[in-house]
Structure formats: C-alpha cells, structure tokens
Amino acid sequence: MNPQLGLDMTPPQQRPHAPAAIGILAGVALLAGLFAPPARAQAVPDYAAIVAAPDRSDADRETDKRRDPVKLLAFTGVRPGMKVLDMGAGGGYSTEMFARAVVPGGVVYGQNPPDLFEKPKATFEARLKTPAMKDVVADIRPFDDPVPPDAHDFDLITFLFFYHDTTYMNVDRAEMNRKLFAVLKPGGFLVIADHSASAGQGTSVGKTLHRIEESALRQEIEAAGFRLVAEGDFWRNPDDTHDFPSYRPIMPVDNFVLKFQKPM
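These notes cover the structure that comes with them. Note that the coordinates shown come from a computational prediction; the quantities given were computed from them, not determined experimentally.

### A few points about the packing of aromatic side chains
- Per the counting criterion, the structure on display carries eight aromatic pairs.
- Relative to W235, the ring of F161 has its centre 5.1 Å away and its plane inclined at 50 degrees; by these criteria the two rings are tilted. In this pair, F161 is assigned in the loop between β4 (154-160) and α7 (173-183) and W235 in the loop between β6 (227-232) and β7 (255-261), connecting sequence segments 74 residues apart.
- Taking the relative accessible area as the measure of exposure, F161 reaches 10% and is therefore buried.
- Judged by centre distance (5.0 Å) and plane angle (65 degrees), the rings of F234 and W235 are edge-to-face. For the pair F234 and W235, a shared accessibility class is recorded, and that class is buried.

### With respect to the packing of helix α4 (residues 69-76) against helix α5 (residues 93-102)
- One way to put it is that α4 packs onto α5 with a least axis distance of 11 Å and a crossing angle of 60 degrees. As far as their axial angle goes, α5 and α4 are oblique. Between α4 and α5 lies a crossing of right-handed hand. Listed contacts from α5 to P69, L73 and T76 of α4 are Y93, M97 and F98.
- In terms of residue class, the contact of α4 with α5 is made up of five nonpolar, one polar and no charged.

Reading the values: rules and limits
Sequence positions are assigned chain by chain, starting from 1 and proceeding in written order. It should be noted that, the model being predicted, local features are given only for residues of pLDDT at least 70 and side-chain atom pairs only at 80 or more, the latter also being counted only at that level, while totals for whole chains, interfaces and linings use all residues. To obtain the side-chain values, all non-hydrogen atoms of the structure were included, while hydrogens and water were left out. Pairs were defined over the aromatic rings of Phe, Tyr and Trp, the Trp ring being its six-membered one, requiring ring centres within 6.5 Å. Orientation was assigned from the angle between planes: stacked under 30 degrees, edge-to-face over 60, tilted for the rest. The helix and strand labels rest on DSSP assignments: H or I over at least four residues marks a helix, E over at least two residues marks a strand, and numbering proceeds from the N terminus. Relative accessibility thresholds used throughout: buried, under 20% of the residue-type maximum; exposed, over 50%; partly exposed, between the two (1.4 Å probe, protein chains only). Angles shown run from 0 to 180 degrees and are taken between the N-to-C directions of axes, each axis being a line fitted to C-alpha atoms and, for helices, limited to the stretch in contact. Angles below 35 degrees are treated as roughly parallel, those above 145 as roughly antiparallel, those between 65 and 115 as roughly perpendicular, and all remaining angles as oblique. Here a crossing is taken to be left-handed if its near helix is turned anticlockwise relative to the far helix by less than a right angle, and right-handed if that turn runs clockwise. Contacts are assigned to residue pairs with any non-hydrogen atoms lying within 4.5 Å of each other. For this classification, the nonpolar set comprises Ala, Val, Leu, Ile, Met, Phe, Trp, Tyr, Cys and Pro, the charged set comprises Asp, Glu, Lys and Arg, and every other residue, Gly included, is treated as polar.

This is the structure:
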C-alpha cells in the first residue's frame, strides 16, 4: 500500500531465505515495468506544480477541493509526450490538467457526445480558447464511436465519473469498450473512476442515483480484453450509505478508481 498515492499494490507472496530475494527483485521489476512510461514519454512531471499553476481558474480550484487532483494525476501516470483520450470530458476540468501534463510533445483528445448539455458544452468551448488547451483536440463523437478513424495508439485513456451515464444513454457499451481497447496501444492504460453503488445494484441505478457497482463495471471492461492492474482508494468513503444521488451529496461520496492495462 502506498498511502501517499492511495495505491493498492500488494506484491506476490514472498518466499523465505534466498528465493525471497529473488522474488522481491522480480516483484520490483514487475512493478517498474507495469508503470513504466512509453518509450517516447519523458520524465514524470511535477504534478503539484501543475495543479498550482497561477493561470488555472477559480472554478477549477474549487473543484480541486473534492477531486484531489495531484493524487489522480500520479495514479494515471500521465507525462510529457503522451497521447491521451479523456472520455466524457464534460466542461474539460480533467482534460486541461492532462493537457498541462503532456507538454511538450503530447496531445489530449477531449471526447464529448454531440448531445452534451449546453452548460458543459459552453464551458468546454470557452476553455479551448485558453493557452493551457493548445494541445487539446475537441473530440465530439458518440461514446461507442469515440475517436476518428485516424486516431489510434493512445498511451492513456481516462473515463472519469461518466461511465455510469452510459448505462442509461443510447450507448452500446460493449462496442464502446471494444473500441477503447482497439485504439489503446499495447501496454497502455485505461483509468476509470466512478461513484460506487451498493452490492447487487449493478447498472440499475445509473440514472436515478448516478452510481454504478464497481464489480459490474469491472466485468464489462475486462470482457473487452483489459486486465486490472491497480486500484486507488484516495476517493473512498466507507461511511457513504450509497442510497442518495451522487450529484446531491449529503456526505462525501464513495468513489472507486480502477487502472486497467491492455496486454502487450
């Protein structure tokens, strides 16, 4: 467990005596390879400095209070030179942070559906005019056909607090997940965060409570070929009763964060 980043990274069971040292070294090598950046990507940026950038908006700083963005950025491993797809970008809060992290040499596709509500649509369009978004591509496409035919080999895909919405929208989620798998390069990562539903609720409360059961989401993603490699607990709240809408919180919402990888 890395308490600073909220990662659950328990290594395989160690063996005693000499084999233990071998097992430990193997575990270290495995983790290093697991979270190593693509060959073209550069060193890990200063995530705290990105969040503290003086030209970020007051509205984004207010959102920071409930999003813990430094831990999120560290969990994703986003860095200069990466090609990122931000699914369900909404008003672009996360898209902008990723855009700041991929410079120089990177690009971020901010995906939103054509029928996005007017308020987030206007916010995203206004944000695109700022210098921080110079390396962002406005990707206005359906969730189940999320990128243009010439867009592929993404290093990282993020899907933050929007997957549950696709459970009640006119979206073929199996097709969506297959296409996300196809456009991600081998070894690339998919990071999904969402609001937790109670055990047994599956996808049934996506529209009413704006939540989704973690195991149901994981099953859908793994069916497309992804494998789970890490979990983040930095947005967890065990006291959440899971019986109120996530957008009208009466207490901090219990949110899960899962990191999947496309096999090499």
